[in-house]
Amino acid sequence: MGFNCGIVGLPNVGKSTLFNALTATAAAEAANFPFCTIEPNTGRVAVPDERLDKIAAIGQSARIVPTQLEFVDIAGLVRGASKGEGLGNKFLANIREVDAIIHVLRCFEDENVTHVEGGIDPIRDAETVETELMLADLESLEKRVTPLTKKARGNDKDAAAQLVMVERVLAVLGEGKPARTMDISADDKRAFEMLQLLSGKPVLYVCNVEEDAAGKGNALSEKVAEMAAQQGAVSVVISARIEEEISALADAAERQEFLDAIGLQETGLARVIRAGYELLHLITFFTVGPTETRAWTVHAGSKAPQAAGAIHTDFEKGFIKAETIAYDDFIACNGEHGAKEAGKMRQEGRDYITQDGDLMLFRFNV
């Protein structure tokens with residue numbers, strides 16, 4: 001599996017330009033006016049991973065299949081979205097469908113690109129969007145209190161437990177803090193997730209800077225980094241315009257030459273993906289054979305049967321064991337045969353926790 005990120009922000013901060021660059025398409029129209037994106041555009045991109053090429057070379061695979069990442073370009077939000085202003089209702093409904101939020105903040109000056117708030121202030125912009133998400137959550141949760149209270153009084157244990165969680169979240173929102181800042185135990189995680197809170201989703205702040213600041217950022221992006229650190233969130237600096245130029249280069253050598261010329265070691269896409277993986281606690285494992293080398297994504301902490309299920313549900317249902325080689329051992333031993341001879345291939349059972357970079361062969365019985 002991959003993961004699904006909604007690209008959000010105020011109008012004219014560079015959301016659609018970033019989306020076009022990330023998906024290397026022109027599906028989302030980037031224009032200098034609010035709400036040029038009305039229906040959410042969705043694009044899938046390959047997750048770059050240099051380990052794939054090395055594994056495939058050793059395994060002499062006929063093809064390479066990377067894991068996929070999905071981006072959803074969501075219409076711009078304005079103040080009052082929680083009350084239906086602008087395209088507010090559609091915006092909020094679309095956010096509910098994504099796993100994480102990529103919040104694009106404008107950190108560049110350009111007199112030719114208007115700003116809906118009349119000036120450049122990424123912290124204010126972040127707070128505007130955050131406030132709308134929290135207000136929407138408040139309204140949603142307050143409507144649930146009365147019916148849950150009635151059920152709880154009727155000795156409905158599930159309703160009583162849910163009411164406790166709702167009241168905990170309302171207390172946090174009442175303090176002006178998003179739901180994601182709550183300390184949720186493993187036992188309460190399911191109940192929390194069932195509330196489908198907008199402000200409970202993990203956030204990656206993407207600072208869209210001018211081209212000259214693409215490498216190290218600027219004073220505005222530094223302020224965002226400080227804000228993100230205080231929230232326990234993550235921030236990444238990119239130039240959407242540069243990413244758009246890079247995406248237009250079909251040849252990998254040309255892209256690398258372009259990056260070298262402007263002093264960048266990697267694309268913004270790579271930084272966004274890496275930060276996104278960290279945000280959602282995702283890891284990658286691999287399968288290799290003469291037909292293909294393929295990357296698979298699972299949540300950190302997934303046991304071997306769950307990893308098998310990422311390939312096919314039958315693999316998880318009939319799981320027997322996983323023959324596992326760590327990536328570094330696979331490379332050092334020049335493949336599966338060498339790893340076996342060196343005693344680096346392990347037989348792992350149901351309780352094995354999948355590690356990032358594992359090469360796995362599943363034995364199962366349908």
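Positions within a chain are numbered from 1, following the residues in the order the chain's sequence is written. A pLDDT threshold of at least 70 governs which residues receive local features in this predicted model, and a stricter bar of 80 or more applies before side-chain atom pairs are shown or counted, although totals over entire chains, interfaces and linings include all residues. Excluded from the side-chain calculations are hydrogens and water; all other atoms, namely the structure's heavy atoms, are used.

(A) Main features of the overall build of the protein chain. In terms of regular secondary structure, the protein chain is built from 14 helices and 12 strands. Residue exposure (1.4 Å probe, protein chains only): buried if accessible area is under 20% of the type maximum, exposed if over 50%, otherwise partly exposed. Across the 366 residues that make up the protein chain, the buried fraction comes to 49%. The long-range fraction of contacts in the protein chain, counting pairs at least 24 apart against all pairs at least 6 apart in sequence, stands at 68%. For the protein chain, the accessible surface area stands at approximately 18000 Å², while carbon and sulfur atoms represent 48% of it. Secondary structure elements follow DSSP: runs of H or I no shorter than four residues count as helices, runs of E no shorter than two count as strands, and numbering proceeds from the N terminus. Should any heavy atoms of two residues lie within 4.5 Å, those residues are considered in contact. For accessible areas, the Shrake-Rupley method is used with a probe of radius 1.4 Å. Any residue's cover is judged against the shown protein chains and nothing else.

(B) Representation of the packing of aromatic side chains within the structure. Classification of ring pairs uses Phe, Tyr and Trp, with its six-membered ring standing for Trp, and accepts pairs whose centres are within 6.5 Å; under 30 degrees between planes counts as stacked, over 60 as edge-to-face, and the remaining range as tilted. On inspection of all chains with the given rule, the structure shows 4 aromatic pairs. Here the aromatic rings of phenylalanine 285 and tryptophan 296 are separated by 6.4 Å at their centres, their planes lie at 15 degrees, and the arrangement is stacked. Of this pair, phenylalanine 285 sits in strand E8 (residues 282-288) while tryptophan 296 sits in strand E9 (residues 292-299), placing them 11 residues apart in sequence. With respect to burial, phenylalanine 285 and tryptophan 296 carry one shared label: buried. Taken together, the aromatic side chains of Phe285, Trp296, Phe319 and Phe362 make up a single cluster linked through ring pairs. Our definition puts a charge over a ring when NZ of Lys or CZ of Arg is within 6 Å of the ring centre and also within 35 degrees of the ring normal. Of note, arginine 106 hangs over the ring of phenylalanine 108, and the distance from its end group to the ring centre comes to 4.5 Å.

(C) Looking closely at the pattern of salt bridges. Counted as salt bridges are all cases of a side-chain nitrogen of Lys or Arg within 4 Å of a carboxyl oxygen of Asp or Glu. Per the stated rule, a full pass over the model turns up 16 salt bridges. Among the ionic pairs, lysine 303 bridges to aspartate 351, the shortest N-O distance being 3.6 Å. One end of the pair, lysine 303, is in the loop between E9 and helix H11 (304-311); the other, aspartate 351, is in the loop between strand E11 (346-348) and strand E12 (359-364), with 48 residues separating them in the sequence. For lysine 303, a relative accessible area of 34% translates into the label partly exposed. Between glutamate 323 and arginine 363 there is a salt bridge, with the nearest N and O atoms lying 3.3 Å from each other.

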